[in-house]
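Descriptive analysis of the structure
Below, each chain spelled out in residue letters.
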Amino acid sequence: MEKDYSVILDALPEDGARPKVLFRQAGDGFLQVEYGEVPRFNLIDSFRVLTVNSAIKSKKIKGLYETVPALRTNLYHFDPLELPVEKLIAEIKEVEESLTDVENIVFESRLITLPIAFEDSETKKAVEKYVKEIRPNAPNVINGYNLEYVALCNGVTVDEVKKLVCGTEWYNSGNGFWPGGGFFWPLDPRCAIVVPKYNPPRTWTPEGAVGIGGPCLYIYPTPTGGGYQLLGRTIPIFQFSQKHPLFKDSPTFFKAGDRVRFYEVSEEEILSIYKHVHEETDYEYAIKTGKFVVKDWLSFYNSEEVQKGVKELLAKQEAGSKVAPRV
Amino acid sequence: MLLVKKGGIETVIEDWPGRIGYLDNGMAASGAFDYVALGLANLLVGNPPGEAGIEIAGGYFEAEFGVDTVISVTGTDMKPTLNDQPIPLWEAIRVSKGDVIKFSHFGEFGFRAYLGVAGGIDVPVYLGSKSTCLFGSYGGYEGRKLQAGDVLNFGKPQEDLKSLEGRKIKKEAVPEYSRVWELRALPGPNSCPDYVTKEGMDYLFSHEFKIQHSSNRSAYRLEAIKGINFFARKDGGVAGSHPSNVLDHAYAIPGALNICGDTPILLIADGPTLGGYLCALSVIMADLWKIGQGIPGRDYVRFVYCTRDDAMKARGELKELLSEKSLA
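Cut-offs used in this document
- Residues numbered from 1 in each chain as written.
- Chains lettered and ligands numbered in written order.
- Predicted model: local features only at pLDDT ≥ 70, side-chain atom pairs only at ≥ 80, totals over all residues.
- Helix = DSSP H or I, 4+ residues; strand = E, 2+ residues; numbered from the N terminus.
- Rg over C-alpha atoms; globule rule 2.2 N^0.38 Å.
- Buried ≥ 20, exposed ≤ 12 C-beta atoms within 10 Å, placed from the backbone.
- Contact = placed C-beta atoms within 7 Å.
- Pairing = 2+ DSSP bridges.
- Axes fitted to C-alpha atoms, helices over the stretch in contact; angles between N-to-C directions.
- Arc of directions from axis to C-beta.
- Domains from an automatic or database assignment.
- Nonpolar A, V, L, I, M, F, W, Y, C, P; charged D, E, K, R; others polar.

In the annotation of an unreviewed UniProt entry, chain B is listed under the name Biotin-dependent carboxylase uncharacterized domain-containing protein and assigned to Desulfofundulus thermosubterraneus DSM 16057.

Labelled according to an unreviewed UniProt entry, chain A appears under the name Allophanate hydrolase subunit 1, originating from Desulfofundulus thermosubterraneus DSM 16057.

Below you can see the structure in the form of structure tokens.
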């Protein structure tokens, strides 16, 4: 059989604020909708994904099981015997064409403040295990950990990495990977550190580990595998037993659209909070409800001061990428 | 009721298609690895094909029945015995209170056996499914694999036990096992020409990949890609320096073939729902059961190119296979 490797089933052209929309084949029961032909890291795409996603969900399309939004893509899971992919694409196109104005979106967004202990002993164990069992001499492990490698890639010091991590609010484009984990992106582009992922990935990461891969930050909800460079450890974000009041309604914590801000603490403090979440169940999470106004963020993002800072970081990263070893 | 005497290597309660609708919260569907073997085991004992059964990976599971009922064993031949007498596979068997069932280990072909029980396994339904998610430690029997001392309850049989006894699966409906598992697949979402070279896609659709020892219920790791110009990009751009890196996207699981660095990893049952590696192809739904029989460290998989139409046809055939028509 002549093999046809093209996977773009359909597309919508770029139109004003809307980037080109690509409908990609992802197996016989999934469709990936991608925004923009050239991959870019721009949160405006995520605001669009989440807005279209809500509209699609309210249509209650027969045969559509679920959607999985991410930064610049949305994955549609459907029963092709009940809902032909062409029909699904037509439904999505209809929503896309009715949405013209992303700049005026305002959505619910909680601000969650979380403590982080950098280079704690648990995540260090995960790196040790990786070097011992999977990749000895991994170039992303320097002095037994990933922090120095992250610094090297970005042309900054380890202290500066910590400041960048704690210096921005991180926006959740949607949950995934493992139960309840959010995919977080820096809202202040001056803090957008970028690193390659593990090659190959780890087989174990402790609960609450904070990692970064590409420009995306992830908190591991339960002990699992993973491919992000490890920074340290924060407090529980998942509790299956649902003993703590925060988890009363669901074992997971994060919602798409949430924001997280980190502050540095000692490992002892983190460990004590684990006890107060999982055993004594009396830890109080710092959560502020609020709204995210896209227009306000855009004027911050595009301001001269922020853009100047972005250029400075990019210059450091370019220098860093020349000296950091490839994984 | 069933009293577990030996948990074996990895024995879990699974149904099919598992926990559907929670991917956007990072919760994979889980579900039986080999849903054909589970489905046929269920048909034999009068259950709907997706009812929960016992999935035995590797072997060495032993248990004692606390009631009279009808059971079935399907999947790989682990030389099961009842009170030390061999019992046939793909057949409904009457068991009595006090009978002891024992499984040896996986044999010549295949890795997982399924034990079906009339009425199914009665564990709590969590988010719409009885399936165990080992990596999230939820679902099934206390979110974990079975161990000695566990007591499983059965559901109410749907049919009269006498009418079930002696039921068999038609010879032509018993799946063929192999040591090189051919999985039909569709290219995408990250394919040629933007992510992978044509040479790279040809390689994926022709090479026989050895299944690595480190494979588990969330991912079947395959041998690394070597000796070819696989990636169409020199790096992952803003997503990272390796060309397998992409800005995090949802994985079409089960069935997506993830390329992590140079390692192809088939994401299945308990797998990750979202991540930052590209996915070059997806195994079609109707063929995914085969991977559950692939033996880590010994068997191979080969991806066979197919079209969307082939996949639709195969879905229809699978529906037929998991129906009463498969009973002799």
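Attention shifts here to the overall build of chain B. From N to C terminus, chain B includes four helices and 20 strands. Against the 2.2 N^0.38 benchmark of 20 Å for 328 residues, chain B shows a C-alpha radius of gyration of 20 Å, consistent with a compact globule. Oriented by its inertia axes, the alpha-carbon framework of chain B measures out at about 65 × 35 × 30 Å. Residues counted as buried form 59% of the 328 residues belonging to chain B. Considering only contacts in chain B between residues 6 or more positions apart, those separated by 24 or more positions represent 75%.

Attention now moves to the sheet that holds strand E2 (residues 10-14) of chain B. Residue and element names in this part refer to chain B. Spatial strand order, E2-E3-E10-E5-E8: five strands in an open sheet with antiparallel pairing. Every other strand in the sheet has two partners, leaving E2 and strand E8 (92-95) as the edge strands with one partner each. Across the sheet, the axes of successive neighbouring strands diverge by a mean angle of 25°, strand direction being ignored. Here four bridges tie strand E5 (residues 69-75) to E8, and the two strands are oriented antiparallel to one another. Along E8, the bridge assignment pairs Thr 69 with Val 95. Contacts from helix H1 (residues 35-44) reach E2, strand E3 (53-57), E5, E8 and strand E10 (112-117) within the one sheet, and its direction differs from that of E10 by about 25°.

Let us look at helix H5 (residues 158-166) of chain A. Residue and element names in this part refer to chain A. Listing the buried residues of H5 in full gives Val 161, Lys 162, Leu 164 and Val 165. The buried side chains of H5 occupy one side of the element, clustering within an arc of 160° when seen end-on. On its buried face, H5 sits against strand E7 (111-118), helix H4 (147-154), strand E14 (229-233) and strand E15 (259-264).

Our next topic: the domain arrangement of chain A. Residues and elements named next belong to chain A. What the domain assignment reports for chain A is domain 1 (8-101) and domain 2 (108-323). The interface of domain 1 with domain 2 comprises nine residues on the first partner and ten residues on the second. Contributing elements (two or more residues each) for the side of domain 1 that touches domain 2: helix H1 (43-59) and strand E4 (64-69). Broken down by element, the residue count for the side of domain 1 that touches domain 2 peaks at four residues, all from H1. Of the residues belonging to the side of domain 1 that touches domain 2, the class tally is eight nonpolar, one polar and no charged.

Let us now look at the interface of chain A and chain B. Taken together, the contact between chain A and chain B spans 57 residues of the former and 53 residues of the latter. Within the residue set of the side of chain A that touches chain B, elements represented by two or more residues are strand E2 (21-25), strand E3 (30-35), E4, strand E5 (73-78) and strand E8 (170-175) of chain A. Of all the elements, E4(A) adds the most residues to the side of chain A that touches chain B, at five residues.

A few words on the sheet that holds strand E12 (residues 151-154) of chain B. Residue and element names in this part refer to chain B. An order of E7-E6-E9-E4-E1-E12-E11 is seen for the seven strands of this open sheet, with the pairing classed as antiparallel. One side of each edge strand has no neighbouring strand; the edge strands of this open sheet are strand E7 (85-86) and strand E11 (121-122). Looking at chain direction, strand E1 (residues 2-6) and E12 are connected through two bridges and run antiparallel. Bridging from a neighbouring strand, Leu 2 pairs with Leu 152 of E12.

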